[in-house]
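Take a look at the letters that make up each chain.
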Amino acid sequence: MPLNSTPTGVQPSRQPERFDESDVAAAPAPESAAIQSRYGRTPARRVRDRRILWGLGGVFVLVLGAWVLWTGLDGASTQIEARDIGHTIIDEHSVSVTFEVALPVNRTASCAVQALNESYSVVGWKIIDLPPSSLYNRSFTEVLRTTDLSNTGLIYQCWLT
């Protein structure tokens, strides 16, 4: 079939193509340089905006990297671990608490030991100073005086001093 011929049974159109008014309205009108500069859409503004965004991105990356180094790779931070071993109720006004502490060698620490009654109220409290030692793991037993009959004694918290 030749290019300019119409298939059989189809009437050729008399007007080649028509545009609706909606097609004309949807096409953006070209903007002049005066309008672009009035609303701040100049090439210099775009370059400045890009530089600002790159600068803010760089600052974000630097802050994130510093935070990762400070929190994750800081090998100077030391940790202390305390674990309850057991307790013995001696009488109505005293309890013996045995606990184990793992702390860095030749460092001093303090631990808070507490005694609780049946309603989980603190009825005895004592802060113990641990001397430096060449051992990493050490076990301690402390006797706490209580204001009421306790049903448990345990380590509350330990910290380096």
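A few points on the structure. (Residues numbered from 1 in each chain as written. Predicted model: local features only at pLDDT ≥ 70, side-chain atom pairs only at ≥ 80, totals over all residues. Heavy atoms only, no water.)

1. Here's the deal with the overall build of the chain
In terms of regular secondary structure, the chain is built from three helices and six strands. Counting helices and strands in the order they occur from the N terminus, the chain gives α-α-α-β-β-β-β-β-β. Nonlocal contacts in the chain, meaning residues at least 24 apart in sequence, comprise 62% of its contacts between residues at least 6 apart. (Helix = DSSP H or I, 4+ residues; strand = E, 2+ residues; numbered from the N terminus. Contact = heavy atoms within 4.5 Å.)

2. Structural notes on the packing of aromatic side chains
Evaluated as defined, the whole model comprises two aromatic pairs. Residues Trp125 and Tyr156 carry aromatic rings whose centres are separated by 5.2 Å and whose planes lie at 55° to one another, so their mutual orientation is tilted. One end of the pair, Trp125, is in strand β4 (residues 122-130); the other, Tyr156, is in strand β6 (residues 152-160), with 31 residues separating them in the sequence. Taking relative accessible area as the criterion, Tyr156 reaches 49% and is therefore assigned partly exposed. (Phe/Tyr/Trp six-rings, centres within 6.5 Å; stacked < 30°, edge-to-face > 60°. Buried < 20%, exposed > 50% of the residue type's maximum accessible area, 1.4 Å probe, protein only.)

3. Section: the side chain of Glu142
Note on placement: Glu142 falls in strand β5 (residues 137-145). What makes Glu142 buried here is its relative accessible area of 18%. A polar contact is formed between the side chain of Glu142 and the side chain of Lys126, at a distance of 3.1 Å. Setting aside residues no more than four positions away along its own chain, Glu142 makes contact with Val95, Ser96, Val97, Phe99, Lys126 and Ile128. (Polar contact = N/O pair within 3.5 Å; in protein donor to acceptor, adjacent residues only side chain to side chain.)

4. Quick look at the pattern of salt bridges
Taken as a whole, this structure holds three salt bridges when the rule is applied. Of the charged contacts in the structure, one is a salt bridge between Lys126 and Glu142, with a shortest N-O distance of 3.1 Å. Note that Lys126 is positioned in strand β4 and Glu142 in strand β5, a separation of 16 residues in sequence. (Salt bridge = Lys/Arg side-chain N within 4 Å of Asp/Glu carboxyl O.)

5. Details of the sheet that holds strand β3 (residues 109-116)
Pairing within the open sheet is antiparallel, and its three strands lie in the order β4-β3-β6. One side of each edge strand has no neighbouring strand; the edge strands of this open sheet are β4 and β6. Taken over all neighbouring pairs, the strand axes of this sheet differ in orientation by 20° on average, direction set aside. (Pairing = 2+ DSSP bridges. Axes fitted to C-alpha atoms, helices over the stretch in contact; angles between N-to-C directions.)

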